[in-house]
Each structure stands twice: as structure tokens, then as C-alpha cells.
Amino acid sequence: MQSTEERAVEAETADLERVTGAEAGPGRRRSRPLLVLGMVLVPAAVLYLAGGWLDSPAMKAWRTVCLAVTVQALPFLLLGTALSGAINAFVPARVFSRVLPRRPVLAVPVAGVAGVVLPGCECASVPVANSLIGRGVTPAAAFAFLLSAPAINPVVLTATAVAFPGQPAMIAARLLASLVTAWVMGWLWLWLGRAEWLRPVVRHTGHETGAGRWREFRTGFQYDFLHAGGFLVVGAMAAATFNVAVPRSVLDVFSGSAWLSVLFLAGLAIVLAVCSEADAFVAASLSGFSTVARLTFMVVGPMVDLKLIALQAGTFGRAFAIRFSAATVVVAVLSSALIGGVLL
Amino acid sequence: MRRPLQITLLALSGIGLLRITLFGDLYLRYVKEGMRPLLIASGVVLILLGVADAVSYGRRRADDGHPHHHDGGHGHDHTGGPRAAWLLLVPALSLLFYAPPALGAYTASREPSRAAVTPRHDFDPLPATSPLPITLSDFALRVQQDRSRAIKGRTVQLSGFVTAGKQADSWFLTRIIISCCAADAQSVKLRIYGPAPRPDTWVAVTGTWHPAGALGTRSAAVALDARSVAEAARPVNSYSDDLPLVPTR
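Being a predicted model, the structure only gives us computed values, none of them experimental.

## Overview of the environment of V65 of chain A
Part 1: Structurally, the position occupied by V65 of chain A is in helix α4 (residues 57-90).
Part 2: When the C-alpha atoms of V65 of chain A and F316 of chain A are compared, they prove to be 27 Å apart, with 251 residues separating the residues in sequence.
Part 3: Setting aside residues up to four positions removed in sequence, V65 of chain A forms contacts with A240 and N243 of chain A together with L103, A182 and A183 of chain B.

## Examining the packing of helix α7 (residues 122-134) of chain A against helix α8 (residues 139-152) of chain A
When two helices pack together, their arrangement is given by the angle between the helix axes and by the axis-to-axis distance.
All names here are of chain A.
Part 1: Closest axis-to-axis distance for the α7/α8 pair is 9 Å, and the angle between their directions is 165°. Looking at the two axes, α7 sits roughly antiparallel to α8. When you trace α7 past α8, the crossing you get is right-handed. Each of E122, S125, V126, V128, A129, L132 and I133 in α7 lies in contact with α8, whose residues at this interface are P139, A142, F143, F145, L146, A149 and P150.
Part 2: The residue inventory of the contact of α7 with α8, partitioned by class, reads 12 nonpolar, 1 polar and 1 charged.

## Observations regarding helix α15 (residues 291-300) of chain A
Residues and elements named next belong to chain A.
Part 1: Within α15, 9 of the 10 residues are buried, leaving the element largely enclosed by the surrounding structure.
Part 2: Along α15, the positions that sit buried rather than exposed are V292, A293, R294, L295, T296, F297, M298, V299 and V300.
Part 3: If you follow the buried residues of α15, they end up packed against α9 (154-163), α10 (168-192), α13 (258-272), α14 (279-285) and α17 (318-343).

## As for the packing of aromatic side chains
Part 1: In the structure shown here, the tally under the stated rule is 15 aromatic pairs over all chains.
Part 2: An angle of 50° between the planes, with centres 5.1 Å apart, marks the rings of F143 of chain A and F324 of chain A as tilted. Placement of F143 of chain A in helix α8 and of F324 of chain A in helix α17 is noted, with a sequence separation of 181 residues between them. Of the two residues, F143 of chain A and F324 of chain A, neither departs from the other in class, the shared state being buried.
Part 3: Pairing W183 of chain A with W187 of chain A gives two aromatic rings, centres 6.5 Å apart and planes at 45°, and the pair type is tilted. Here W183 of chain A and its partner W187 of chain A are both found in helix α10, 4 residues apart, which amounts to about one turn of the helix.
Part 4: Counting every residue linked through ring pairs, the aromatic cluster contains F143, W189, W197, F316, F320 and F324 of chain A.
Part 5: Positioned over the ring face of F172 of chain B is K189 of chain B, at 5.1 Å from the centre of the ring.

The rules behind each value
Residues numbered from 1 in each chain as written. Chains lettered and ligands numbered in written order. Predicted model: local features only at pLDDT ≥ 70, side-chain atom pairs only at ≥ 80, totals over all residues. Heavy atoms only, no water. Helix = DSSP H or I, 4+ residues; strand = E, 2+ residues; numbered from the N terminus. Contact = heavy atoms within 4.5 Å. Axes fitted to C-alpha atoms, helices over the stretch in contact; angles between N-to-C directions. Parallel < 35°, antiparallel > 145°, perpendicular 65-115°, else oblique. Left-handed = near helix turned anticlockwise from the far one by under 90°. Nonpolar A, V, L, I, M, F, W, Y, C, P; charged D, E, K, R; others polar. Buried < 20%, exposed > 50% of the residue type's maximum accessible area, 1.4 Å probe, protein only. Phe/Tyr/Trp six-rings, centres within 6.5 Å; stacked < 30°, edge-to-face > 60°. Lys NZ or Arg CZ within 6 Å of the ring centre and 35° of its normal.

And the structure:
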């Protein structure tokens, strides 16, 4: 049984080599078996040699946190990429031009409010926003949606209500501050944004002839998932590094000063990369901090964090991700300080 | 990234997710129980994607006498998949062959104990059983907030894992609680006076409140004088503050 399988695999590999050889020349053909061999041998050797190191308590904790972030985010990333694939394949561009106001200045607030409809966390919103741009939605509106969706959908607001029982002002403040940030960022993009910061949208829909919509959906879905998944792993690794390297006891140092604690929790939201459906519980547990600081944590977290920056860099390009994330942090901190100051 | 590799990657990720959810409880080391159906669905979707891609790839190669003509034309998007996807191999293989353990003493020793939850005033009278099974959080509440001082003189039983303390005469009985995934872990720690077992072992401890400070107020020490410490089985879902399982004898 196994030998037949092996033979089949061998045959397929040989066949494939012929294909790649014809496509890419003899150099490629040579490197291929080596590559496969390396794929097996190198991790095995690394695991063997670094076994002791990987099993040290710190590395174990790092691996657990890294895997936890990835596993937690995968279903939502899958949902987001499936939705984005579906938008590309099944929803005609005219739907969006009919629903959204023609003038970008007005389209931004509408798209921001439309974030309510995407139930999930921030990983889902990046591919969806990308596909919206691909369908001709003005980038400013797509970005307003990207920022608001993970923060104001019903799932997240319910979680916030559960985490802060008896404090409806907290839910209202979170909703408002997130919306305002999304709108301001959309308008900022209209005012200052440049198209060249955005990587041109790569579409895998080049062959409409003969290709069914289902296939278009499937290939788009698959490509987006694999792409975003790789960047998700980068983000998870970065978040795990901070999680393990910076002990929580550092928190207490900053909880004294009002302004420092707001800035500090904003920074913490970025490096911890907690999923937006859970960040309310984390914020509730940071009881040493002022309510405004905790609000900032919940407004910044779903919009900017390490795994999101990695995902955005992968989807829209690095030039965009850095500028956009930096601006978003500033706007989000200001708006939560203002709205938190008034409401809380 | 070539098509067969993409197919392998999708299938491996899917199988990895199913392995930790359908064939065992490993997922409880990373996320909450409620994620299980979502993870199973994701695993199935990933495997289906892989299979669908394998079928279409196989069919295309069978149909096409000259694959290079086809691939070189306009379809190279498909074969040249995203390069970043390689990284997905790390979690996929890790889930399949090298799953890291649940967070334990290392994490707990680096974090302060979770701050006492919302203030409470209405405490029910304690059941009469002795030793009295109680959770770490409840014990802390009783010690610091129960004005009736019902816990005074009672022998209680708690379970958790061992975290070494800085002082030689005591250690911490610990539970780690997560609200979403292991990235937001918080620890609940209870100081135990007595000889310390090996860190990270799960134990059931019986003992009485360690008298220090005024019981029923904030000044009371959340600590226990151990009468007996027995090794206990690690609970399936270790990220919870549950009543102790009856220790195996």
C-alpha cells in the first residue's frame, strides 16, 4: 500500500520536475529535490540541536503564546479571507457604488458605520478591506471600515458589556471613540494619503474566460489565506516575544500618572496583540489603571497591533502599514482621551 | 511557492487543527473551550481547500498536454503562490508533532497575582464539610472581604500547580486563567507556608488560613499554612480556577 503510494508520489514529483524544468530551466530542476530534502532535514536538525534550548521554560512559554495567538486568529482569518474571496467573485462592483455615497467624504462615515456587520476580530477585516478596494471602493472608505469593523461589531460590544458590568458608559465610549478614529483616519487618508504608498492590488482573477466564479472564489480565498496566514505567524511571533520578554510587573510602574498610563496602555495594546473579542476582559483586569487608560487600550488594540501591522504590511505594503499604523495610534489615543474624558 | 506545496500546507494546517481538537484536548492549552467548533470547522475548510486544489491541479495536468504553455501564459499567479506562506509550516508542524505545554510556573512567577475582583458583601455561610473544597479566588475573597470571618479556623482544600516563591519558607499555589487565548494569561496565586514541592507539579493542598493581618479586611494575608500536600492529576482544562479534584490515593 505504502509502496504504491510512494511510487505515485515519485511519479508525480518526476512529472512535476519535467513541468518546472520546462518552465524555469535546468537550475530550478536541480534545486527542487534539494529543497524538499532541506525542508525535512533542516527543521529536524534544528530541533535536535536546539532541543534543549527550545525546551527551556522561556522558550516553551514563547511557543505556547505564539501558537495560541495563531490558533485563536486562524478561524477569523479564514472567515475574512473567505469573505474577501466571495466579494471578489460574487459581488459585482456596482453594488458598492450604489450603496456608498459617490463623494468619498461622505462614503467614509457610511463605511465606518458599516463595520457593524462584520462579526469577528481584526484579522478578518484586513483581507475584506483589501477586496473592497479591489472592487472599486475608495481606499479612504475601505480603511474606515477596516478600522471600525473589529471594534464596533455586536460580538465585541457584547464582550465589553460582560467585562464591564454596570458601566454602559464604557461601551458607549468604546463605540464612539472607535467610530471617530475610523472616520478621522478615513478623512485623513483623503487629505494626505497617496496612492503610491499602497501596493497595487494583485488580483488572481486574470482569466475570466472559461473559469467559473466558484473557481475564482476558491483560488482567491486560497491565495489570500496563505498570504495573510504567513504574516499572521510573523505577528504572532513578535507578540509572543514581547509577551514573554516584558513581565507584567512593569505595568505597576506606569499606573500612577494619568498621561503616562494612557500612553503605556496604548503601547501595551500594540505589543500584546490580544484579539478584539477578548481585549475587554484584559482591560477589565488592568484595574490599577484609570478608566480612560483602559478605554485607550480597547480603542487602540483592534486598530493597531503587531499582528495587524504584519498583516497590513503583507496586504497593502510596508510603506503603507508603517505610516497608517503610526497615524492611527495618534488619532486613536487622542479620540479616546477626549471622548473618555467627557463620558467617563 | 509551487502548487503541490500550497496543497500540502493547507492540508497540514487543517490536519493540525483537527488533531488538537477532534483527536485530543490539546487546544485547551492555547484557547478557550468555546473555540472548539470554530477550530474544527476551520480544519475541515482547510482540508477541503487543499483537496479541491489538488483535484483541480491534477485535472489541469491531465487535460493539458503542454503544461508549460498553460502555466507560462497567464496562470503563473497560481503556481507562484505567496512566499510568506512558508511560515505557516511552523504552527502546522508544531501542532502536529511538537505541541508546547500549557503555560505554567515560568509565566506565573513573572506576573503579579491578579488583583482581587469586584468587591463583594453578600457571602453565603460556608458548607460544613471538612476539609472544605474551595477555589483560589474564593479563598482570597473570603480572607480579604468576608466580614463574618467564616473562614477562620476552617480546614480548606485547594488545588493548583506549584510556583516557587522568593522566600524560603513558602511557595505559591497557582492557577492561570485566560479570557481568550494564552496570550492574555493572568495568574491567581496563593502563598503556602510549608516545604515546596517541585515547580509545575499539580498538587492538592489542605490547610488553614495563615494568620497575618486582620481577617476580613484588605490587610489579611492571602496565605495558607499547609497541613498536607498531595500530588494531584492535572485537570484537562488547566486554565480555570476550579474546585480541587479529589486527589487519587
